[in-house]
Amino acid sequence: MSQYETPLFTGLLEHIKKNPIQFHIPGHKKGAGMDAQFREFIGENALAMDLINIGPLDDLHQPKGIIKRAQELAAEAFGADYTFFSVQGTSGAIMTMVMSVAGPGDKIIVPRNVHKSVMSAIVFSGATPIFVHPEIDKELGISHGITPEAVEEALRQHPDAKGVLVINPTYFGIAGDLKRIVEIAHSYGVPVLVDEAHGVHIHFHEDLPLSAMQAGADMSATSVHKLGGSMTQSSILNVREGLISPKRVQAILSMLTTTSTSYLLLASLDVARKRLATEGHELAEKAIRLAEKTRQQINEIDHLYCVGKEILGTKATFDYDPTKLIISVKELGLTGYDVEKWLRENYNIEVELSDLYNILCIITPGDTERETSILVKALRDLAEQFRHQADVGVKPKVLLPDIPVLALTPRDAFYSETEVVPFEQSAGRIIAEFVMVYPPGIPIFIPGEVITEENLNYIKKNLEVGLPVQGPEDDTLQTLRVIKEYPTKPLR
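Read on for an overview of the structure. (Residues numbered from 1 in each chain as written. Predicted model: local features only at pLDDT ≥ 70, side-chain atom pairs only at ≥ 80, totals over all residues. Heavy atoms only, no water.)

**Quick look at the overall build of the protein chain**
Reasoning step 1: Helix and strand counts for the protein chain stand at 16 helices and 20 strands.
Reasoning step 2: Over its C-alpha atoms the protein chain spans a radius of gyration of 23 Å, differing by no more than 12% from the 23 Å that the globule rule assigns to 492 residues.
Reasoning step 3: Reported as C-alpha extents along the three principal axes, the dimensions of the protein chain are approximately 70 × 55 × 50 Å.
Reasoning step 4: In the protein chain, buried positions account for 55% of the 492 residues. (Helix = DSSP H or I, 4+ residues; strand = E, 2+ residues; numbered from the N terminus. Rg over C-alpha atoms; globule rule 2.2 N^0.38 Å. Buried < 20%, exposed > 50% of the residue type's maximum accessible area, 1.4 Å probe, protein only.)

**With respect to the nonpolar core**
Reasoning step 1: Of all hydrophobic cores here, the largest spans 33 residues; its most connected members are M97, I108, V118, L165, M219 and L237.
Reasoning step 2: Only α5 (89-101), β2 (107-111), α6 (116-125), β6 (164-167), β9 (219-222), β10 (235-239) and α10 (246-256) provide two or more residues apiece to this core.
Reasoning step 3: Per-element tally for this core: the top contributor is α5, with seven residues.
Reasoning step 4: Not counting chain neighbours up to four residues away, the residues in contact with M219 comprise M97, S100, V101, V192, L193, V194, M213, N238, V239, I244 and V249.
Reasoning step 5: Listed in part, the 27 residues of the second largest apolar core include I301, C306, L332 and L379. (Core = buried A, V, L, I, M, F, W, Y, C linked by side-chain atoms within 4.5 Å. Contact = heavy atoms within 4.5 Å.)

**A short note on the packing of helix α12 (residues 336-347) against helix α13 (residues 369-385)**
Reasoning step 1: In the contact formed by α12 and α13, the axes pass within 11 Å of each other and the chain directions differ by 115°. Regarding the angle of α12 to α13, the classification is roughly perpendicular. In the crossing of α12 with α13, the sense of the turn from one axis to the other is right-handed. Of α13, the residues touching α12 (which contributes V339, W342, L343 and Y347) are I374, K377, A378, L379, D381, L382 and Q385.
Reasoning step 2: Of the residues belonging to the contact of α12 with α13, the class tally is eight nonpolar, one polar and two charged. (Axes fitted to C-alpha atoms, helices over the stretch in contact; angles between N-to-C directions. Parallel < 35°, antiparallel > 145°, perpendicular 65-115°, else oblique. Left-handed = near helix turned anticlockwise from the far one by under 90°. Nonpolar A, V, L, I, M, F, W, Y, C, P; charged D, E, K, R; others polar.)

**As for the pairing of strand β8 (residues 192-196)**
Reasoning step 1: Counting buried residues in β8 gives five out of five residues, a clear majority hidden from the surface.
Reasoning step 2: Every second residue of β8 is oriented toward a common face, with V192, V194 and E196 on one face and L193 and D195 on the other, all of them buried.
Reasoning step 3: Alignment of β6 against β8, held across four bridges, turns out to be parallel. Looking across to β8, one finds that V164 is bridged to V192. (Pairing = 2+ DSSP bridges.)

**Digging into the packing of aromatic side chains**
Reasoning step 1: Inspection of every chain in the model, using the stated rule, returns four aromatic pairs.
Reasoning step 2: Aromatic pair F78 and F204: ring centres 5.4 Å apart, planes at 75°, arrangement edge-to-face. One end of the pair, F78, is in helix α4 (residues 66-78); the other, F204, is in the loop between β8 and β9, with 126 residues separating them in the sequence.
Reasoning step 3: F78 gets classed as buried once you look at its relative accessible area, which sits at 4%.
Reasoning step 4: On the accessibility criterion, F204 (13% relative accessible area) is buried.
Reasoning step 5: A ring pair is formed by F414 and Y415, whose centres lie 5.2 Å apart and whose planes are at 90°; its orientation type is edge-to-face.
Reasoning step 6: For the cation-ring pair, R112 lies above F131, with the distance from its terminal atom to the ring centre recorded as 5.7 Å. (Phe/Tyr/Trp six-rings, centres within 6.5 Å; stacked < 30°, edge-to-face > 60°. Lys NZ or Arg CZ within 6 Å of the ring centre and 35° of its normal.)

Here it is as structure tokens:
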């Protein structure tokens, strides 16, 4: 196979050139049947490619033609035995991973700082999560990865676990020793599933953390759209055969995937794979160099700190992705959300994420020094404008969320008899819904956990500064849904 091929994209173009008369969905019929203003903006080419799984175009649910060929090329590019395309984003791929290995009552070892899609999959599957606590960075106020030692201890206590899930790298670009974790899990005959949402590019450069497939993991859900150049909502699921059945993975993914799959998304995965496979090293090198230069410039600004290699050295910070710019702003007496708004209003800059203490900016091959120089200038102006707050000399206190006790499986809690109670009176009760700040989408509470005063205060702090707290049915967070009177004994 040649990685310069794009069988899916090329097949679509050949079909479009034939200009067939369409008596099938979508009903807009190449744009003729839709709003004229939208049609003019989005363009004829995109609308011509908005097709459905008719015979010549293959079927994602049972691929035998151009989709099958495109997935085989992707598997070769990423070092997998099988690669499956996802039009349900990486969330769909993550849910497929979990549900492929764990069913009702099965144990699965997961970090507590997992994305909400992992916990959604645990609710759907009925599995019991065995939480491994991530290492907490008390200076930055963020979670890192889990250590090999913590995984080994969890497996020693739960050798019947059906899988170990690892985040590699984290949203902030920090990676643990994935290869060692894989070795430990495999010694117990347990597969390793990797949330690689923020690491599609790491496979293609030696100065980036090891990818899941390079480390010997069994499955990885990888967001090609985040950093790999495909369209939003397009991702891949890489599989290594042995401890995992590819046919079961296909069956689960099909259950979770729409039957009206988007060929725009699928084609974008095909061409993104080609670019990564043939130019990935060069593209990653360019992004790394630009990020390192930007990091150096930011660190020359008083009262701002952009994280670099000095963060490495603990068991949970084994490696890092330098294209992620974690910028601590707490010394200026500002929250990350304050800075996000200031940058938007004063420089028309949008950041990837903000939290109570940091902003996160990502550098990709789509960036140039033009954009990064504007960011650096903006941050210089920010530091100058708020320098008086930093000169007070009071070291900001970092507030961290508590890790609650799990008293009931997430599925049992989600489907239990519940009641709504005032937010301020909910401490000590078992929550029946998710509460999280998105992004990054790491739950503060998951169904089945005991509500703590500390985490209620953490939620209030996030709300006070304007951060997006999501999940509860009551989006005003005046109330929370809890289990009707249930003993709060820790789940074992």
